[in-house]
Amino acid sequence: MKQFPTNFLWGSATSAYQIEGAHDADRKGPHIWDVFAHTPGKVHRQENGDVACDHYNRYPADIKLMSEVGLKSYRFSISWARIQPDGKGDPNPAGIAFYGKLIDNLLANDIEPWVTLHHWDLPAALQMEDDGWLGETTSDHFAQYASICFEHFGDRVKNWITMNESWVMSILGFHSGLFAPGRKSADEPYRAAHNLLLAHGKAVRVYREQFKSQGGQIGMTNNCDWRHPLTDSEADRAAAQRSLEFMLAWFADPIYFGDYPAVMREHLGDRLPKFTDEEKEMLKGSSDFFGLNHYTTMYAGDVPAGQSVENGEYANGGVFSDQHVALTTDPAWETTDMDWPIVPWGFRELLLWISARYQRPPIYITENGCATPDTLLAGEVDDPQRIAYLNGYVGAVHEAIEKGADVRGYFVWSLLDNFEWASGYDKRFGIIHVDFKTQQRKLKSSAHWFRKVIERNGLA
Ligand code: PNW
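Throughout, a residue's number is its position along its own chain's written sequence, starting from 1. At least 70 in pLDDT is required for a residue's local features to be given in this predicted model, at least 80 for side-chain atom pairs to be given and counted, and no such filter applies to totals for whole chains, interfaces and linings, which use all residues. Just so you know, side-chain values use all the structure's heavy atoms and leave hydrogens and water out.

Draft legend 1. Up close: helix α5 (residues 93–108). With 16 residues, α5 should cover 22 Å at 1.5 Å per step; its first-to-last C-alpha distance of 22 Å lies within 8% of that length. By definition in these notes, contact holds between two residues if any of their heavy atoms fall within 4.5 Å. A run of DSSP states H or I qualifies as a helix once it reaches four residues; a run of E qualifies as a strand once it reaches two. Both are numbered from the N-terminal end. Packed against the buried residues of α5 are α1 (16–19), α3 (55–69), β3 (73–77), α4 (80–83), β4 (112–118) and α7 (138–153). Phi turns positive, to about 60°, at D110, one or two residues after α5. One less than the number of residues in a helix, times 1.5 Å, gives the span that helix is expected to have.

Draft legend 2. Quick peek at the packing of helix α14 (residues 344–357) against helix α15 (residues 384–402). Two elements in contact, α14 and α15, have axes whose closest approach is 8 Å; the angle formed by their N-to-C orientations is 30°. The chirality of how α14 crosses α15 is right-handed. Every residue of α15 that contacts α14 at P344, F347, R348, L351 and L352 is listed here: G392, Y393, A396, V397, E399 and A400. Under the scheme applied, nonpolar residues are Ala, Val, Leu, Ile, Met, Phe, Trp, Tyr, Cys and Pro; charged residues are Asp, Glu, Lys and Arg; polar residues are all the others, including Gly. Residue composition of the contact of α14 with α15, grouped by class: eight nonpolar, one polar and two charged. Note on geometry: axes are C-alpha line fits, over the in-contact stretch for helices, and angles between N-to-C directions span 0 to 180 degrees. The handedness criterion is simple: a crossing whose near helix is rotated anticlockwise from the far helix by less than a right angle is left-handed, and one whose near helix is rotated clockwise is right-handed.

Draft legend 3. Structural detail: the packing of aromatic side chains. When the centres of two rings from Phe, Tyr and Trp lie within 6.5 Å, Trp using its six-membered ring, the rings pair. Their planes under 30 degrees apart give stacked, over 60 give edge-to-face, and anything left gives tilted. In this structure the tally under the stated criterion is 49 aromatic pairs. Seen in terms of ring centroids, Y17 and F419 are 5.3 Å apart; in terms of plane orientation they differ by 80°. Their pairing is edge-to-face. Linking Y17 in helix α1 with F419 in the loop between β14 (407–413) and β15 (432–435), this pair joins segments that are 402 residues apart in sequence. This pair shows no difference in class: Y17 is buried, exactly as F419 is. With a centroid separation of 5.5 Å and an interplanar angle of 50°, the aromatic rings of Y190 and W250 are classed as tilted. Placement of Y190 in helix α9 (residues 188–210) and of W250 in helix α10 (residues 234–257) is noted, with a sequence separation of 60 residues between them. Between buried and exposed lies partly exposed: a residue is buried under 20% and exposed over 50% of the maximum accessible area for its type, with that area taken using a 1.4 Å probe on protein chains only. W250 gets classed as buried once you look at its relative accessible area, which sits at 1%. Directly above the aromatic system of F98 lies the positively charged group of R82, at a separation of 6.0 Å from the ring centroid. Charge-over-ring placement is defined geometrically: NZ (Lys) or CZ (Arg) within 6 Å of the ring centre, and within 35 degrees of the ring normal.

Draft legend 4. Layout of the sheet that holds β4. Here the rule is simple: two strands pair whenever DSSP picks up at least two bridges between them. As summarised here, the arrangement of the eight strands in space is β2-β3-β4-β5-β6-β8-β11-β14, forming a closed barrel in which the pairing is parallel. Along the sheet, successive strands turn relative to each other by an average axial angle of 25°, direction set aside. When strand β8 (residues 290–293) meets strand β11 (residues 363–368), the two strands line up parallel, connected through four bridges. Among the inter-strand pairings, N293 is bridged to a residue of β11, identified as E367. Each of β4, β5 (159–164) and β6 (217–223) touches α7; the most contacted strand, β4, lies at about 160° to it.

Draft legend 5. View of the pairing of strand β10 (residues 325–328). Along β10, the buried face is formed by V325 and L327; none of A326 and T328, which line the opposite face, is buried. Examined bridge by bridge, strand β9 (residues 297–302) and β10 share four bridges and lie antiparallel to one another. By the bridge assignment, Y299 is partnered in β10 with T328.

Draft legend 6. Local environment of unusual backbone geometry. With an omega of 5°, the peptide bond between A180 and P181 qualifies as cis. Residue position: P181 is located in the loop between α8 (166–174) and α9. Here the amide bond leading from W413 into S414 is cis, since omega sits at 15°, within 30 degrees of zero. Summarising the element assignment, S414 is placed in the loop between β14 and β15. With a phi close to 45°, A52 is a non-glycine residue in the positive phi region. Looking at the secondary structure, you find A52 in the loop between α2 (32–37) and α3. Take A52: its relative accessible area is 5%, and that puts it in the buried class.

Draft legend 7. Looking closely at the side chain of H294. Mapped onto the elements, H294 comes out in the loop between β8 and β9. We define a polar contact as two N or O atoms separated by no more than 3.5 Å, with the added condition that, inside protein, one atom must be a possible hydrogen donor and the other a possible acceptor, whereas residues neighbouring each other in sequence contribute only through side-chain atom pairs. A polar atom in the side chain of H294 sits 2.8 Å from the backbone oxygen of C224. What H294 contacts, discounting residues up to four positions off in sequence, is C224, D225, W226, G346, F347, L350, E367, N368, G369, Y389 and Y393.

Draft legend 8. Representation of the environment of G219 within the structure. Tracing the backbone shows G219 in strand β6. According to the relative accessible area criterion, G219 is buried, its value standing at 0%. When sequence neighbours within four positions are dropped, the list of residues in contact with G219 reads W160, I161, T162, H200, S287, D288 and F289.

Draft legend 9. View of the confidence of the model for the protein chain. The quantity known as pLDDT measures the predictor's confidence residue by residue, on a range of 0 to 100. Per-residue confidence for the protein chain gives a mean pLDDT of 96, with 98% of residues at or over 70. Across residues 311–316, confidence stays below pLDDT 50; counting only partners more than four residues off in sequence or on other chains, it has 17 contacts.

Draft legend 10. The arrangement of α10 in detail. Compared with an ideal rise of 1.5 Å per residue, which puts 24 residues at 34 Å, α10 spans 26 Å between its outermost C-alpha atoms and falls more than 12% short. Along α10, the largest kink reaches about 65° and is centred on A249. Buried residues dominate α10, accounting for 17 of its 24 residues. Here the bend at a residue means the angle between the axes of two seven-residue stretches, the one that ends at it and the one that starts at it.

Draft legend 11. Expanded view of the sheet that holds β10. What the three strands build is an open sheet, ordered β7-β9-β10; its pairing is mixed. For this open sheet the edge positions go to β7 (226–229) and β10, each flanked by a neighbour on one side alone. Going from strand to strand, the sheet's axes swing by 40° on average, the running direction of each strand aside. Pairing of β7 with β9, which is carried by four bridges, proceeds in the parallel orientation. When the sheet's bridge partners are listed, H228 is paired in β9 with Y299. Across the sheet, α10 is in contact with β7, β9 and β10; its angle to β9 comes to roughly 120°. Taken strand by strand, α14 contacts β7 and β9, and its axis lies near 100° from that of β7.

Have a look at this one:
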């Protein structure tokens, strides 16, 4: 029996746009994902989050299901455009009321709320008027919005996450253009990332200066794959290290050390924005915990300077060329429905890498999970692939804890099948099946498996 620490937190995670629906209810303003999804050609089969899981109306029933699974905590995100329809100014009472009821209902069911302030759904007005995350004023607006949330919910919410996956927002939003706002640029990802970091820093400053008495904790969540050296050569080992620094240390180094990794400053020169001394001071030590989302692993191979990596299988110019790294996978690895390789040991390696680099921070796994193509058989979803994935990855977390990492919680992605961004509704990440036509829910076999893990506080 693999037993986890007594107070280990077991939960599930979602985000506002992926589950809420009610896209224009109660004065909610449009955000960049509303606009992006309604732009032809951006989302698989032209799907969108207008209705999604209708969680905005069905949250009480969804919380009952969480109880049934035995979840002790629930990570969800607040939609900024419900709180401030144009991203600025006075709060919208209906938005405050909705999240207030959600939080109260969770607490009444003994489920601890973990709240993400920004899971990609930037109010569209800020995109138009302030140039979104490329603009210098958006981070101040974010701190204002965060302050409203602390003021209205901080008496009951003790765990705050400022940003979800700044890497995804920067790279998929500003390099590949696959996600909102759909831009394709070599330099903009670095500028967007810079403003996301400043926004995080400013929100944390507000929390610590004005809401300290609430006694909560606040941090950032970043996503990272494991990057394994393609060969044992020194060049490939350095390439894997570089790749991790370009993916994770890009965001974590400023928060733990006050500045970007040296290797990024060297490779990028003036293309990488600089922090002032004051900003470095503000950022250093600005997370009470290390939020980590993890899904997969790839090999990293060295690409000598001057040689293009445009043709690599996964490496495709811009930020990937900047690193001089080519990413590949092992064809023998099984993959999920997202085509992401299933490599549990990579999770252990990544947790140990984080633990070593940042002096053993408290880590919360704020997302881990997989997409599998579910079919209903006699009304039931048996999803042994998801159970095998979760069993392997939760096992890897256990190994990392045994080897000294301070991992304190695990949130499965996701509670419900939901709107999987550019992939639409095809990709099913939930431990609870959702029929999007009837909005019926059904616990999958992975939910029953997870309930047992939670009850035993560990793996059999
Ligand atoms: C995360 N990548 O997204 C998000 O936080 C969730 O909203 C999402 O549903 C989940 O993971 C599954 O995709 C990611 O390309 C999207 O590396 C893309 C990547 C990583 C995470």
